[in-house]
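Chain residues, written in single-letter form:
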Amino acid sequence: MTVFVLERRRSTPSRLLGEPGPSDSQLLEMLRVASRVPDHGALAPFRFLRVAGDARAQLGDRLAARKLELEPGCDEGVLAKERGRFVAAPVVVIVIGCYQTPHKIPAIEQQLTAGCVCFSLLQIAQAMGFGAQWLTAWAAYDPVIAGQLGLADSEAVVGFIHIGTARESVGERPRPDVLERLKDWHP
Ligand SMILES: Cc1cc2nc3c(=O)[nH]c(=O)nc-3n(C[C@H](O)[C@H](O)[C@H](O)COP(=O)(O)O)c2cc1C
């Protein structure tokens, strides 16, 4: 049964997400469940920022302003895309990786744990009847945007997880053929 739910997991493009979003208690439940990830050393190398309501358009405005700084003279269509990045889904959870380096647990393992949180969030959102998509794009890696989000030097955006109700169903996409990828190892 559980496998069946997981097998149907699929992202809903953020532009197709709308109201209603998760209630406060549903979102907390999602984050609680999504935080049950494998975590070498139990460092819990992640935290969350919720972007909802007017803050969504305000974050888009910040992206547009930064885009103009990076690409002076870019056309209005480009800026409109930046302004609109966060407005469709009722809530966007920014999963932030919080890394301890140097540390006996390698940075890559801490990053993988934070990535698992993003994937778990997609799964639990869908299991609770919502649609979701994990996006990054340039803003996830831009130092000025990181500063505006209040990230420390040891932190990074792992994903913008858009969560809402799917306004239309999304078709399947081709999935990897695991038989092609599976080999037996022999000494
Ligand atoms: C780390 C990460 C970042 C991603 N960033 C983007 C992105 O910026 N834009 C995009 O169109 N898809 C992005 N994707 C892909 C989508 O989240 C999603 O996987 C894709 O729409 C396919 O849907 P599926 O999850 O049903 O396979 C990203 C995926 C990952 C894992």
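Residues numbered from 1 in each chain as written. Predicted model: local features only at pLDDT ≥ 70, side-chain atom pairs only at ≥ 80, totals over all residues.

Participant: Explain the overall build of the protein to me, please; I cannot follow it from the model alone.
Facilitator: For the protein, the helix and strand inventory stands at 7 helices and 5 strands. When the elements of the protein are put in sequence order from the N terminus, they spell out α-β-α-β-α-α-β-α-β-α-β-α. For 187 residues, the compact-globule estimate of 2.2 N^0.38 gives 16 Å, and the protein sits close to it at 18 Å. Each principal axis of the C-alpha atoms in the protein carries an extent, and together these give about 60 × 45 × 35 Å. Counting all 187 residues of the protein, 29% fall into the buried class. In the protein, once contacts between residues fewer than 6 apart in sequence are set aside, the share between residues at least 24 apart is 82%. (Helix = DSSP H or I, 4+ residues; strand = E, 2+ residues; numbered from the N terminus. Rg over C-alpha atoms; globule rule 2.2 N^0.38 Å. Buried ≥ 20, exposed ≤ 12 C-beta atoms within 10 Å, placed from the backbone. Contact = placed C-beta atoms within 7 Å.)

Participant: Mind showing me how you'd approach helix H5 (residues 107-127) here?
Facilitator: Because an α-helix completes one turn every 3.6 residues, residues spaced three or four positions apart along the sequence face the same direction. Given a rise of 1.5 Å per residue, 21 residues ought to cover 30 Å, and the 30 Å separating the end C-alpha atoms of H5 matches this to within 8%. Buried residues of H5: Gln110, Thr113, Ala114, Val117, Cys118, Leu121, Leu122, Ile124, Ala125 and Gln126, and no others. Elements that come into contact with the buried residues of H5 comprise helix H2 (24-34), strand E2 (46-52), strand E3 (91-98), strand E4 (131-135) and strand E5 (155-166). Just downstream of H5 lies Gly129, where phi reads positive at about 95°. (Expected span 1.5 Å × (residues − 1).)

Participant: For this particular structure, what's the right way to read the packing of H2 against H5?
Facilitator: Between H2 and H5, whose axes approach to 8 Å, the crossing angle comes to 135°. Taken together, the axes of H2 and H5 lie oblique to each other. The interaxial crossing formed by H2 with H5 has right-handed handedness. Seen from H2, the contacting residues are Met30, Val33 and Ala34; seen from H5, they are Val117, Ser120, Leu121, Ile124 and Ala125. (Axes fitted to C-alpha atoms, helices over the stretch in contact; angles between N-to-C directions. Parallel < 35°, antiparallel > 145°, perpendicular 65-115°, else oblique. Left-handed = near helix turned anticlockwise from the far one by under 90°.)

Participant: Even after reading the chapter, I still don't get the site of the ligand, so can you show me in this structure?
Facilitator: In the vicinity of the ligand, the contacting residues are Arg10, Ser11, Gln133, Trp134, Leu135, Thr136, Ala137, Gly159 and Arg173. Per element, the largest residue contribution to the shell around the ligand is 3 residues, and it comes from E4. Of the residues assigned to the shell around the ligand, the class counts are 3 nonpolar, 4 polar and 2 charged. (Near = placed C-beta within 6 Å. Nonpolar A, V, L, I, M, F, W, Y, C, P; charged D, E, K, R; others polar.)

Participant: Would you take a moment to explain the packing of helix H3 (residues 54-70) against helix H4 (residues 76-83) for this structure?
Facilitator: Packed helices, taken two at a time, are described by their axes: the angle between them and the distance between them. Where H3 meets H4, the closest approach of the two axes is 7 Å, and the angle between their N-to-C directions is 145°. Relative to H4, H3 is oriented so that their crossing is right-handed. Two secondary-structure elements touch here, H3 through Gly60, Asp61, Leu63, Ala64, Lys67 and Leu68 and H4 through Val78, Leu79, Glu82 and Arg83. In terms of residue class, the contact of H3 with H4 is made up of 5 nonpolar, 1 polar and 4 charged.

Participant: What am I meant to see in the nonpolar core here?
Facilitator: Proteins that are soluble and globular tend to have nonpolar side chains buried together. In this structure, Val92, Val95, Leu121 and Ile161 are the most contacted members of the largest nonpolar core, which totals 33 residues. Where this core is concerned, the elements lending two or more residues are H2, E2, H3, E3, H5 and E5. Ranked by the residues each element gives to this core, the list is headed by H5, at 7 residues. Leu121 has contacts with Met30, Ala34, Val93, Ala132 and Ile161, leaving out every residue within four places of it along the chain. (Core = buried A, V, L, I, M, F, W, Y, C linked by C-beta atoms within 7 Å.)

Participant: Would you mind showing me how to read the confidence of the model for the protein here?
Facilitator: Parts of the prediction with low pLDDT should not have their coordinates interpreted in detail. Per-residue pLDDT for the protein averages 97, and the proportion of residues at 70 or more is 99%. Confidence scores differ between elements of the protein, with helix H1 (residues 2-7) showing the lowest mean pLDDT of 79 and E3 the highest of 99. (pLDDT = per-residue confidence, 0-100.)

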